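Coordinates in review
Residue strings, one per chain:
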Amino acid sequence: MNEAHALPNHHPSDALLVDYGAGALGEGLSLAVALHLTRCPECRVALAGIDAVGGALLEGLPPDPLERLTLAGVLAELDREPPMRPAPRPMAADPSLPGPLRGYVPSLAAAPWRRLAPGVRRVELMPRTPRGGGAQLLRIAPGVGVPHHGHRGLELTVVLSGAYSDGLARYAAGDLAEMDGDRQHQPVADSGDECVCVIATEASLRFTGLLGRLMQPLIRL
């Protein structure tokens, strides 16, 4: 089977799927999971099971007595900002793009690519959070890598085309890499083709080398 059409080998953890199903992830992380789900029937089945269990648990809960409801409590709930799954934005998008990405860029060719570093271009898909998190679309030239780094929170990378290795595993189209603050890595695109991927983070990365730390204010990763 052509690798571009093969089923993914790397999947989100059960805990991540539960958070996605509950709407507990931010927009960027939700986008990464949604992109993986478009390529992974196994995870779509798992998510359907999670949703079914959650619905059954909710149905089994006794209703809250009305006397527990207060005006202050209702207003507090209304003021809470609900966690968001990626919402499509009105845009004439290329139908060959994965569905969850169509609200962010019209096509890969027409996306507003900016040079991030030699051999690396990116599109910022959404505004950054106060901690520096967000989601970015990256095009990494063959054999080019991102500087070695750790994480200040969750990092999800989903491959759209091509592949990369990071010293921990190799990730190809559809694969989702889930990294947290305990792991460091250096993604490097395969030598045969460019790697196009979406990287979503809870917070800015923590570069380990001197060059990476010097470049971070400029590249804003």
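Re the confidence of the model for the protein chain
Confidence along the protein chain averages 80 in pLDDT terms, with 72% of residues attaining 70 or more. Every residue in residues 81-85 is under pLDDT 50, and counting partners more than four places away or in other chains gives twelve contacts.

Some remarks on the pattern of salt bridges
The final tally for this structure, using the stated rule, is four salt bridges. As a salt-bridge pair, Glu 124 and Arg 128 come within 3.1 Å of each other at their nearest N and O atoms. We classify Arg 128 as partly exposed; its relative accessible area is 23%. Notably, a salt bridge pairs Arg 139 with Glu 194, separated by 2.7 Å at the nearest N-O pair. Of this pair, Arg 139 sits in strand β3 (residues 132-140) while Glu 194 sits in the loop between β9 (188-189) and β10 (195-203), and the two are 55 residues apart along the sequence. In this structure Arg 139 comes out as buried when scored by relative accessible area, which is 18%. By sharing partners, the salt bridges in this structure join Arg 122, Glu 124 and Arg 128 into a single network.

Re the packing of aromatic side chains
Enumeration according to the criterion identifies one aromatic pair in this entry. We note Arg 121 situated over the ring of Trp 113; from NZ or CZ to the ring centre the distance is 5.8 Å.

Here's the deal with the packing of helix α1 (residues 14-21) against helix α2 (residues 27-37)
Two elements in contact, α1 and α2, have axes separated by 11 Å at closest approach and are oriented at 105 degrees. For the element pair α1 / α2, the angle class is roughly perpendicular. In contact with Leu 16, Leu 17 and Tyr 20 of α1, α2 contributes Ser 30, Val 33, Ala 34 and Leu 37. Counted by class, the contact of α1 with α2 contains six nonpolar, one polar and no charged residues.

Thoughts on the sheet that holds strand β7 (residues 170-172)
The sheet built from three strands is open, its strands ordered β7-β6-β9 with antiparallel pairing. This sheet does not close on itself; its edge strands, each paired only once, are β7 and β9. With two bridges connecting them, strand β6 (residues 163-165) and β9 associate as antiparallel partners. Considered in β9, the bridge of Tyr 164 is made with Ala 189.

Structural notes on the side chain of Ser 107
Mapping Ser 107 onto the fold places it in the loop between α4 (71-79) and β1 (114-117). Here Ala 110 takes part through its backbone nitrogen, which lies 3.0 Å from a polar atom of the side chain of Ser 107. Ignoring any residue separated from it by four or fewer positions in sequence, one finds Ser 107 in contact with Asp 94 and Leu 97.

Calculation criteria
- Residues numbered from 1 in each chain as written.
- Predicted model: local features only at pLDDT ≥ 70, side-chain atom pairs only at ≥ 80, totals over all residues.
- Heavy atoms only, no water.
- pLDDT = per-residue confidence, 0-100.
- Contact = heavy atoms within 4.5 Å.
- Salt bridge = Lys/Arg side-chain N within 4 Å of Asp/Glu carboxyl O.
- Buried < 20%, exposed > 50% of the residue type's maximum accessible area, 1.4 Å probe, protein only.
- Helix = DSSP H or I, 4+ residues; strand = E, 2+ residues; numbered from the N terminus.
- Phe/Tyr/Trp six-rings, centres within 6.5 Å; stacked < 30°, edge-to-face > 60°.
- Lys NZ or Arg CZ within 6 Å of the ring centre and 35° of its normal.
- Axes fitted to C-alpha atoms, helices over the stretch in contact; angles between N-to-C directions.
- Parallel < 35°, antiparallel > 145°, perpendicular 65-115°, else oblique.
- Nonpolar A, V, L, I, M, F, W, Y, C, P; charged D, E, K, R; others polar.
- Pairing = 2+ DSSP bridges.
- Polar contact = N/O pair within 3.5 Å; in protein donor to acceptor, adjacent residues only side chain to side chain.

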